[in-house]
Amino acid sequence: MPEGAKVTRLGPSPTGFLHIGGLYVGLLDRDISTNSGGAYIVRVEDTDQAREVEGAVEQFNRAFEYFGIVPDEADDRGAYGPYHQSQRESIYLTYVREMLRQDKAYLCFATKDELADITARQQATKLPTGYYGRWAIWRDKSAEEVQAKLDAGEPYVVRFRSPGKAGERVSFSDAIRGTLEHEANRNDVVILKASDQSPRLPTYHFAHAVDDHLMRVNLVIRGEEWISSVPTHLQLFDTLGFERVEYAHIAPLMKQQGGSRRKLSKRKDPEASVDFYIEAGFPARAVQYYLRGLANGRLAELPLDEALSSPISLDDCGVAGPLVDLVKLEDISADLVATMSGEEIIDAIKPWAQTYDPALVELLDNERELALKALAVERGADVANPRKDLRKWSDFRPAYGFFFPALFELVGNDDERLGGLDPKIVSAVAADFANNYQHLEDGQEWFGQIRALLEPHGFAPNPKEFKKNPDAYHGSIREAAQLIRVALTGSTRSPDLHAVARTLGEDEVLRRVRALV
RNA sequence: GGCGUGUUCGUUCAGUGGUGAGGACACCGGAAUCUCAAUCCGGAAACACGGGUUCGACUCCCGUACGCGCUACCA
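Here we summarise the structure given alongside this text. (Residues numbered from 1 in each chain as written. Chains lettered and ligands numbered in written order. Predicted model: local features only at pLDDT ≥ 70, side-chain atom pairs only at ≥ 80, totals over all residues. Heavy atoms only, no water.)

### Considerations on the packing of helix H20 (residues 477-489) against helix H21 (residues 497-504)
And then number 1: Contact pair H20 / H21: the axes reach a minimum separation of 11 Å and the direction vectors enclose 35°. Relative to H21, the crossing made by H20 is left-handed. Touching Ala481, Ile484, Arg485, Leu488 and Thr489 of H20 are Leu497, Val500, Ala501 and Leu504, all from H21.
And then number 2: Partitioning the contact of H20 with H21 into residue classes produces seven nonpolar, one polar and one charged. (Axes fitted to C-alpha atoms, helices over the stretch in contact; angles between N-to-C directions. Helix = DSSP H or I, 4+ residues; strand = E, 2+ residues; numbered from the N terminus. Left-handed = near helix turned anticlockwise from the far one by under 90°. Contact = heavy atoms within 4.5 Å. Nonpolar A, V, L, I, M, F, W, Y, C, P; charged D, E, K, R; others polar.)

In structure tokens form, the structure reads like this:
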């Protein structure tokens, strides 16, 4: 590996859905390791088996793959495994034994009740809570006492004999925040969980030290909630004789709870989950662009392609937690899709629809020509202002479904989308339009047909005229055109009407308009 | 409670010891228009508060408020 290569790692715990924040960190890990010539590792931190959710790992992998964030080392590849902590039991045990032998760790038989009692007494006397000093009841027990408990078959945990003293402070540097200062750890933290469980599992703190050292990780990017634990980690690295790693604590992308203002919560805010973006069918590149922009504001000013290929710099990461702005994401996404050709759009929609809208796949296969024609309306290399009506693949059905006769439901003359026009007038206009319809190629001439309907049916020739004298008319050319639009598309908004009509074909146009008669 | 960390337009990302505090999205108004969307032009809109330091502070220091985190055999 080249000088300065960063080996990064993501440690997802399979306790539920993948949070967008996890994707964000993975993006940083992947980017920084790639750009420094290092490696990016995914190590599943499944040491809390009680909370484990089945299938979570597969779901994570799918999600990361969708966004093109693929590790160099993981379960199925890499020479530093295993990459599941639950399969590294013997490795942890080896280090624990060595620490025990050197008296840098010890067995603790304190029960839950005893610990709760210690905490309660500390709180009552306003002392810092924790297992330290005189509260560390098993720290200095004699070998005989320990042996007695062992013989009695009592379960125990292994605790780290912290070298920290009261009042001591440590400072360390953070790649994002600069120098940070904190009081030193003096808690004899648990490093190996209960002896009556199998497999014997380490706590996060211990696994972090052992795994990251063994996997030659040298840059740990993680959420800022870990800042308080750094002094503990530093002690662990030092007593194990490991070289310290560099830390980068990033601001949380969003909060999962908290009553005030705009914190995202798992329950109330579906956009907290990565699956939300995949299900909706946001193009991966749009999401990447957005996330990279959040990390480094400078990247948000760049054109998409350039931003995706520019390296992210930890120095430029913000320290305050941003909130995810879906409207902004949709805007980015709409801009991106607007640059794509019909072919590219269909090719992107199909894999998405395979999972989330199978019927659509079939339709696109059977009606590919029609789909291409529909997507060509006001779109393509020769169009100055391409339509931006697709932000995500799930928009296709509502925005373009009407082009397909199989998906279109005929509109009646009393439909509310007609804006309250008298059904009798609707019927008369539709009949007149249909009876005289010419499937003209020229847009102006085609619209001439709608103009021809104005006077006899009581519509003003232009909106201004109508505004001047609203009682004299049913509406203006605006309303008349809208009537035809709703008839043809079932929507009050649609691409250029003439282009729609040409795409649908004469028979289909007549069929739809006649439904209003 | 203790410790840590943060606070710039509605949102987001910038930024400087002396600035007209910038961009983007959203919003409002206008142009154009057969409807949307898009486009073009314009507008409103922010340095949490209080003390210092300084000729001068949004920027540096201290404090307060508020948010968030840690204080677990959760990560």
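### Points about the pairing of strand S3 (residues 105-108)
And then number 1: Residues of S3 alternate between two faces, with Ala105 and Leu107 on one and Tyr106 and Cys108 on the opposite face, all of them buried.
And then number 2: As judged from the four bridges shared by S3 and strand S4 (residues 157-160), these two strands associate in the antiparallel manner. Bridging from a neighbouring strand, Tyr106 pairs with Arg159 of S4. (Buried < 20%, exposed > 50% of the residue type's maximum accessible area, 1.4 Å probe, protein only. Pairing = 2+ DSSP bridges.)

### Details of the pattern of salt bridges
And then number 1: Taken as a whole and assessed by the stated rule, the structure comprises 34 salt bridges.
And then number 2: Close ionic contact of Asp335 with Lys388 constitutes a salt bridge, the shortest N to O distance being 2.4 Å. Here Lys388 lies in the loop between helix H15 (368-376) and helix H16 (396-400) and Asp335 lies in helix H12 (residues 326-338), a separation of 53 residues in the sequence.
And then number 3: As a salt-bridge pair, Asp395 and Lys392 come within 3.3 Å of each other at their nearest N and O atoms.
And then number 4: Here Lys392 falls in the buried class, since its relative accessible area comes to 15%.
And then number 5: What you see here is one network of salt bridges that share partners, running through Arg9, Arg43, Glu45, Arg88, Asp211 and Asp212. (Salt bridge = Lys/Arg side-chain N within 4 Å of Asp/Glu carboxyl O.)

### Observations regarding the environment of Ile332
And then number 1: Relative to the elements of secondary structure, Ile332 occurs in helix H12.
And then number 2: Here the alpha-carbon distance between Ile332 and Ser313, two residues 19 residues apart in the chain, equals 22 Å.
And then number 3: Beyond its immediate sequence surroundings of up to four residues, Ile332 is in contact with Ala286, Tyr289 and Tyr290.

### Topic: the packing of aromatic side chains
And then number 1: The full count for this structure, using the stated rule, is 17 aromatic pairs.
And then number 2: Geometrically, the ring pair formed by Phe237 and Phe242 is edge-to-face, given 6.2 Å between the ring centres and 80° between the ring planes. Here Phe237 matches Phe242 in class, with each residue buried.
And then number 3: Following the ring pairs from residue to residue traces out a cluster consisting of Phe396, Tyr400, Phe402, Phe403 and Phe404. (Phe/Tyr/Trp six-rings, centres within 6.5 Å; stacked < 30°, edge-to-face > 60°.)

### Some thoughts on the protein's contact with RNA strand B
And then number 1: If you check the shell around RNA strand B, you find 56 residues, and the closest are Thr47, Lys193, Gly297, Phe447 and Arg485.
And then number 2: When atoms of RNA strand B within 4 Å of the protein are split into backbone and base, the sugar-phosphate part holds 69%.
And then number 3: Within the side chain of Arg387, an N or O atom sits 2.7 Å from a base oxygen of RNA strand B.
And then number 4: Residue assignment for the surface near RNA strand B shows that the elements contributing at least two residues are S4, strand S6 (178-183), H12, helix H18 (443-457) and H20.
And then number 5: If one sorts the elements of the surface near RNA strand B by residue count, H20 sits on top with five residues.
And then number 6: Among the residues forming the surface near RNA strand B, the class breakdown is 18 nonpolar, 12 polar and 26 charged. (Near = heavy atom within 4 Å. Polar contact = N/O pair within 3.5 Å; in protein donor to acceptor, adjacent residues only side chain to side chain.)

### Some thoughts on the sheet that holds S3
Pairing between the strands of a sheet is mediated by backbone hydrogen bonds and can be parallel or antiparallel.
And then number 1: If you trace the three strands from one edge of the open sheet to the other, you get S3-S4-S7, paired in antiparallel fashion. The strands lining the two open edges of the sheet, one partner per strand, are S3 and strand S7 (190-192). For this sheet, the mean angle separating the axes of adjacent strands, direction not counted, is 45°.

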